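Analysis of the macromolecular model
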Amino acid sequence: MNLKKPIGVFDSGYGGLTVLKEMVQVLPQYDYLYLGDNARAPYGPRSFDTVYQYTLEAVNWFFEQGCELVILACNTASAKALRTIQQKDLPKLAPGKRVLGVIRPTTEIIGNYSKTGNIGILGTNGTVLSNSYPIEIEKFFPAIQVFQEACPMWVPLIENGEFNQAGADYFVQKNLQQLLAQSPEIDTVLLACTHYPLLLKKIQQFAPSNIQFVSQGEIVAKSLANYLERHTNIANKCSLTGEIQFFTTDDSADFDKHAALFFGAPVCSQHIDLQ
Ligand code: DGL
């Protein structure tokens with residue numbers, strides 16, 4: 001049991017580090033606990049039940065460590081597990097604690113980025129098939145048209161360190177073309193997977209220059225700052241010593257080697273087992 005009360009940040013693997021990096025920029029005073037479930041990544045192709053089960057195990061682990069607030073910095077977990085955890089599990093497990101995702105803060109704002117009112121979504125199979133983005137964007141921006149494309153090979157390429165290689169070109173070009181072919185009006189494309197910022201340069205290389213690509217890290221970090229300002233009861237429970245701890249369910253030396261690329265600074269992790 002941790003004596004501090006850090007903000008928990010969860011992802012299936014490394015992707016959530018792109019969000020944590022921005023959170024630390026915007027809110028450096030808080031303590032953070034990052035967990036990557038690398039041993040069971042990727043989550044994208046897994047069933048609703050499996051992603052829910054894995055995510056719930058992670059949330060329980062964060063609570064055991066003393067976290068009062070957990071951010072699912074993973075679109076797949078946010079799409080497939082968050083609502084059930086918030087509505088069914090939290091009231092029984094820890095009614096005073098909070099679990100938030102990355103889809104809501106993104107959909108609240110993404111409509112403002114587009115001039116044509118046509119937005120493309122690139123995500124994992126799980127995120128795209130859940131339809132969470134079209135459903136949520138409709139609530140905030142009913143006039144916006146949403147087009148989606150699942151990119152099942154992108155997370156495996158990134159998790160295996162192949163994202164800068166020529167092999168990645170084929171899959172990036174293919175999925176991007178399939179998305180943009182759905183409408184010539186698309187002017188904004190959301191990277192709706194926290195792993196994808198690592199592919200941004202390659203994606204831009206194959207995209208027409210009039211298309212803007214939006215990563216979620218900064219959006220989620222600003223939204224968290226706003227949430228903590230509005231929910232002082234939660235903010236007051238979180239500890240403030242600026243410490244960041246990293247955990248992985250896989251090999252910690254291997255995690256550290258790759259994680260620095262996502263986080264933008266050296267990372268020193270510890271191994272844990274979930275379940
Ligand atoms: N970073 C996760 C997301 O945002 C990747 C999911 C996966 O493990 O496939 O969706």
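Residues numbered from 1 in each chain as written. Predicted model: local features only at pLDDT ≥ 70, side-chain atom pairs only at ≥ 80, totals over all residues. Heavy atoms only, no water.

**Regarding the site of the ligand**
In the region of the ligand, 13 residues are neighbours, and Ser12, Tyr43, Thr76, Thr194 and His195 sit closest. Side-chain polar atom of serine 12 to an oxygen atom of the ligand: 2.6 Å apart, as the coordinates give it. For the ligand, whose free accessible area comes to 300 Å², the fraction covered by protein is 99%. Grouping the constituent residues of the shell around the ligand by class yields five nonpolar, seven polar and one charged. (Near = heavy atom within 4 Å. Polar contact = N/O pair within 3.5 Å; in protein donor to acceptor, adjacent residues only side chain to side chain. Areas by Shrake-Rupley, 256 points an atom, 1.4 Å probe, with all protein chains shown as cover. Nonpolar A, V, L, I, M, F, W, Y, C, P; charged D, E, K, R; others polar.)

**Observations concerning the sheet that holds strand E6 (residues 145-150)**
Through backbone hydrogen bonds, the strands of a sheet pair up, either in parallel or in antiparallel fashion. As summarised here, the arrangement of the four strands in space is E6-E5-E7-E8, forming an open sheet in which the pairing is parallel. In the strand order of this sheet, the two ends are held by E6 and strand E8 (212-214), each with one partner. If you compare each strand with its neighbour and ignore which way they point, the axes differ by 25° on average. Pairing analysis gives six bridges linking strand E5 (residues 118-123) to E6, with the strands arranged parallel. Residue pairing for E6: glycine 123 is matched across the bridge by alanine 150. On top of the sheet, helix H7 (residues 132-140) reaches E5, E6 and strand E7 (188-191); it is set at about 160° to E6, its chief contact. Against the sheet, helix H9 (residues 166-180) contacts E5, E6, E7 and E8, and its axis sits at roughly 155° relative to E6. (Pairing = 2+ DSSP bridges. Helix = DSSP H or I, 4+ residues; strand = E, 2+ residues; numbered from the N terminus. Axes fitted to C-alpha atoms, helices over the stretch in contact; angles between N-to-C directions. Contact = heavy atoms within 4.5 Å.)

**Topic: the sheet that holds strand E2 (residues 32-36)**
Strand order in the open sheet formed by six strands is E4-E3-E1-E2-E9-E10, and the pairing between neighbours is parallel. The sheet terminates laterally at strand E4 (98-100) and strand E10 (269-271), the two strands that pair on one side only. The sheet shows a mean angle of 20° between the axes of neighbouring strands, taken without regard to direction. The pairing of strand E1 (residues 7-11) with strand E3 (residues 69-72) spans four bridges and is parallel. Paired with isoleucine 7 across the bridge in E3 is leucine 69. Seen against the sheet, helix H1 (residues 16-26) touches E1, E2, E3 and strand E9 (244-248) and runs at an angle of roughly 170° to E2. Its contacts with the sheet place helix H4 (residues 82-93) against E3 and E4, and it is angled at close to 165° to E4.

**Things to note about the pairing of E9**
Consecutive residues of a regular strand have side chains that alternate between opposite faces of the sheet. Inspection of the sheet shows E2 paired to E9 by five bridges, in the parallel sense. Within the sheet, the bridge partner assigned to glycine 36 lies in E9 and is threonine 248. Two elements, E9 and E10, share three bridges in a ladder whose sense is parallel. Bridge pairing in E10 links phenylalanine 247 to glutamine 270.

Everything listed is a geometric property; what it means functionally is a separate question.
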